Amino acid sequence: MTQTRFSLEERIVSCEACPRLRDFLEECREKHPTYWGRPVHGFGDPEASLYILGLAPGYHGANRWGRVFTGDDSGRWLYGALHELGLASAPRSEHREDGLQLSGVWIGNAVRCVPPGNRPLGTELDQCRPYLTEELAALRNVRAVLCLGHLSHQTYLKHRGHRPSEFPFSHTAVHELPGAPHRLIASYHPSRQNTNTGRLTRDMWIHAIRTAAEQAGLQSP
Ligand code: SF4
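The text that follows walks through the structure, step by step, so that each part is easy to find. Since this is a predicted model, take the numbers as computed values, not measurements.

Thresholds, definitions, all that
Residues numbered from 1 in each chain as written. Predicted model: local features only at pLDDT ≥ 70, side-chain atom pairs only at ≥ 80, totals over all residues. Heavy atoms only, no water. Helix = DSSP H or I, 4+ residues; strand = E, 2+ residues; numbered from the N terminus. Polar contact = N/O pair within 3.5 Å; in protein donor to acceptor, adjacent residues only side chain to side chain. Contact = heavy atoms within 4.5 Å. Core = buried A, V, L, I, M, F, W, Y, C linked by side-chain atoms within 4.5 Å. Buried < 20%, exposed > 50% of the residue type's maximum accessible area, 1.4 Å probe, protein only. Pairing = 2+ DSSP bridges.

**Regarding the side chain of Arg 67**
So, point 1. Mapped onto the fold, Arg 67 is located in the loop between helix 3 (62–65) and helix 4 (73–84).
So, point 2. Among the polar contacts listed, one links the side chain of Arg 67 to the backbone oxygen of Arg 96, at a separation of 3.1 Å.
So, point 3. Among residues more than four places away in sequence, those in contact with Arg 67 are Val 40, Phe 43, Ala 62, Tyr 79, Ser 93, Glu 94, His 95, Arg 96, Glu 97, Asp 98 and Leu 100.

Set out below in structure tokens:
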């Protein structure tokens, strides 16, 4: 299983299947030679029962540091909440070598390359989705998937062969999908656009993470 995961990580990091994103990353590496500037693979506990699915690396966050949700505001919200619930060893992810450990949680993105303007194309989401499928197959203990934002929610539904309209997005809604080994939970993404406007408050966010952790068996209801 570990070997499968490592080979998947290597394939993700060297993937150039989306020409627009490959060119964007090349430009990024020229402009910012110290940035990671490559696709960002998932991170967490290989025995995870909760998988958290974000949208894409942030340009000055995960794309800079090479770890999902690292070095930006979304990451501070995510790791801060995980730490508060005892699921992360520290409240912040600083960089790939900072020693941060997650307990029972794995984090990935619907697209693994930073897209211009944080907006992946439908074709790019489709192209990257098989990595989610492979990752979930390798993480055999996952019982719940928390999707951050509409596009991640749609990505998980498509991965299971459903139309998004079958299970509409609603903050903290829990869905049981027929035949799926995981429960699906949705939350607004902790992006600045949502946290600065009050669409997602700190209490709403902690409630979403707690609900997902309960569904994964990591917390008592
Ligand atoms: S978004 Fe996914 S499929 Fe497209 S180039 Fe990046 S890693 Fe490859």
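**With respect to the nonpolar core**
So, point 1. In this structure, Ile 52, Tyr 79, Leu 82, Leu 102, Ile 107 and Ile 209 are the most contacted members of the largest nonpolar core, which totals 32 residues.
So, point 2. Of all the secondary-structure elements, those providing two or more residues to this core are strand 2 (50–54), helix 4, strand 3 (105–109), strand 4 (144–148) and helix 8 (202–215).
So, point 3. For Leu 102, the contacting residues outside a window of four places in its chain are Phe 43, Gly 44, Asp 45, Tyr 79, Leu 82, Leu 87, Ala 88 and Ile 107.
So, point 4. Of all hydrophobic cores here, the second largest spans 16 residues; its members include Ala 48, Trp 106, Cys 147 and Leu 157.

**Quick word on the pairing of strand 3**
So, point 1. Here strand 3 lies mainly inside the structure; five of its five residues are buried.
So, point 2. Alternating residues of strand 3 divide into Val 105, Ile 107 and Asn 109 and Trp 106 and Gly 108, and every residue in both groups is buried.
So, point 3. Of the pairings in the sheet, the one linking strand 1 (residues 43–44) to strand 3 comprises two bridges and is antiparallel in character. Across the sheet, residue Gly 44 finds its bridge partner in strand 3, namely Trp 106.

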